[in-house]
Amino acid sequence: MIRLSIYDMDKTITRRATFGPFLAYAVPRHRPWRLLLSPLLLASSLAYGARAIDRAQLKQLNTALMLGRRMDPARIDRLARGFAARTLSRNLLQRALEQISEDHREGRRAVLATASYGFYVREIAALLNVDDVVSTAVSQRGDHLSPRIAGENCYGEAKLAMIRRWMAEQGLKREDCHIRFYSDHVSDAPALEWADEAYATNPHAPLRRLARARGWTILDWRKEAASAAAQRQASRSA
């Protein structure tokens, strides 16, 4: 039996989402003048809120605004490595790191499955010692990268479809695998339903309600982190 532990990333193993922070990290180091365009991010967010554009279009538009329509792969790789190091030091939940280590001790294969862009997710995964990544990809056009998504945005039903395709590429049959799935968001309900063990991890209210209805395990790693921090502070003050 092949044992897989599949994790969503943003707000599941991280405290906060990563796409906005990546842009905030990258723009001053890549094309600082594009900070002048940042007010347009509000316009794209309003368009998304009005359902004039979908989540994938929002991601593509904001990336194009902040990084440009032609991105040098070597420069993006350098930015991704720097951002991954910052994420590990500032934005990872300790309990998530411990769970990934526990998975490895149990002989499980750890996988990140996330809507975030693969170019920086792979760098984060390498620092976490995560074995594989299923993520949103950007297009390659000649010698440069484009903000346009290649294939699907790895979100909702599409995420489960992409995990299944990845398993087929790896020669993994569903019936030969035991799968744990961890996520904070109800959009991952299809993958949680499909998994052998479903963990609603740091769940927002809709997922918490669904997890209670389905009998899924609820994990609150952020509360554990806050409790541990309070205990450390109390010890220093004693």
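Remember, predicted model here, so these are calculated numbers, not experimental data.

Rules behind the numbers
- Residues numbered from 1 in each chain as written.
- Predicted model: local features only at pLDDT ≥ 70, side-chain atom pairs only at ≥ 80, totals over all residues.
- Heavy atoms only, no water.
- Helix = DSSP H or I, 4+ residues; strand = E, 2+ residues; numbered from the N terminus.
- Rg over C-alpha atoms; globule rule 2.2 N^0.38 Å.
- Buried < 20%, exposed > 50% of the residue type's maximum accessible area, 1.4 Å probe, protein only.
- Contact = heavy atoms within 4.5 Å.
- Areas by Shrake-Rupley, 256 points an atom, 1.4 Å probe, with all protein chains shown as cover.
- Lys, Arg positive; Asp, Glu negative; His and termini not counted.
- Charge placed at Lys NZ, Arg CZ, Asp CG, Glu CD.
- Axes fitted to C-alpha atoms, helices over the stretch in contact; angles between N-to-C directions.
- Parallel < 35°, antiparallel > 145°, perpendicular 65-115°, else oblique.
- Nonpolar A, V, L, I, M, F, W, Y, C, P; charged D, E, K, R; others polar.
- Expected span 1.5 Å × (residues − 1).
- Pairing = 2+ DSSP bridges.

A. Examining the overall build of the chain more closely. When helices and strands are tallied, the chain shows 10 helices and 7 strands. In terms of overall size, the chain behaves like a compact globule, its C-alpha atoms giving a radius of gyration of 19 Å where 238 residues would be expected to give roughly 18 Å. Each principal axis of the C-alpha atoms in the chain carries an extent, and together these give about 55 × 45 × 35 Å. In the chain, which comprises 238 residues, the share counted as buried stands at 47%. Nonlocal contacts in the chain, meaning residues at least 24 apart in sequence, comprise 61% of its contacts between residues at least 6 apart. Just so you have it, the chain exposes about 11,900 Å², and 51% of that area is on carbon and sulfur atoms. Separation between the mean location of the 38 positive side-chain charges and that of the 25 negative ones in the chain comes to 8 Å.

B. Here's a closer look at the packing of helix α2 (residues 39–49) against helix α3 (residues 55–67). Remark: α2 packs on α3, axes separated minimally by 10 Å, with the N-to-C direction vectors making an angle of 175 degrees. Judged by the angle between their axes, α2 and α3 are roughly antiparallel. The residues of α3 that touch α2, namely those facing Leu40, Leu41, Ser44, Ser45 and Tyr48, are Arg55, Leu58, Leu61, Asn62, Leu65 and Met66. Of the residues contributing to the contact of α2 with α3, the split by class is 7 nonpolar, 3 polar and 1 charged.

C. Highlighting helix α1 (residues 19–30). With 12 residues, α1 extends 16 Å from end C-alpha to end C-alpha; this agrees with the ideal 16 Å at 1.5 Å per step. Taken together, the buried positions of α1 are Phe19, Phe22, Leu23, Tyr25, Ala26, Val27 and His30. For α1, the secondary structure elements touched by its buried residues are α3, α4 (73–90), β2 (109–117) and α6 (118–128).

D. Representation of the sheet that holds strand β6 (residues 197–201) in the model. Taken in spatial order, the 7 strands of this open sheet run β4-β3-β2-β1-β5-β6-β7, and their pairing is mixed. The sheet is open, and its two edges are formed by β4 (144–150) and β7 (217–219), each paired on a single side. Geometrically, the sheet is characterised by an average inter-axis angle of 30 degrees between neighbouring strands, direction not taken into account. For strand β1 (residues 2–7) and strand β5 (residues 177–183), the ladder comprises 6 bridges, and the chain directions are parallel. Following the sheet pairing, Arg3 is matched in β5 by His178. Lying over the sheet, α6 contacts β2 and β3 (132–141), oriented at roughly 150 degrees with respect to β2.

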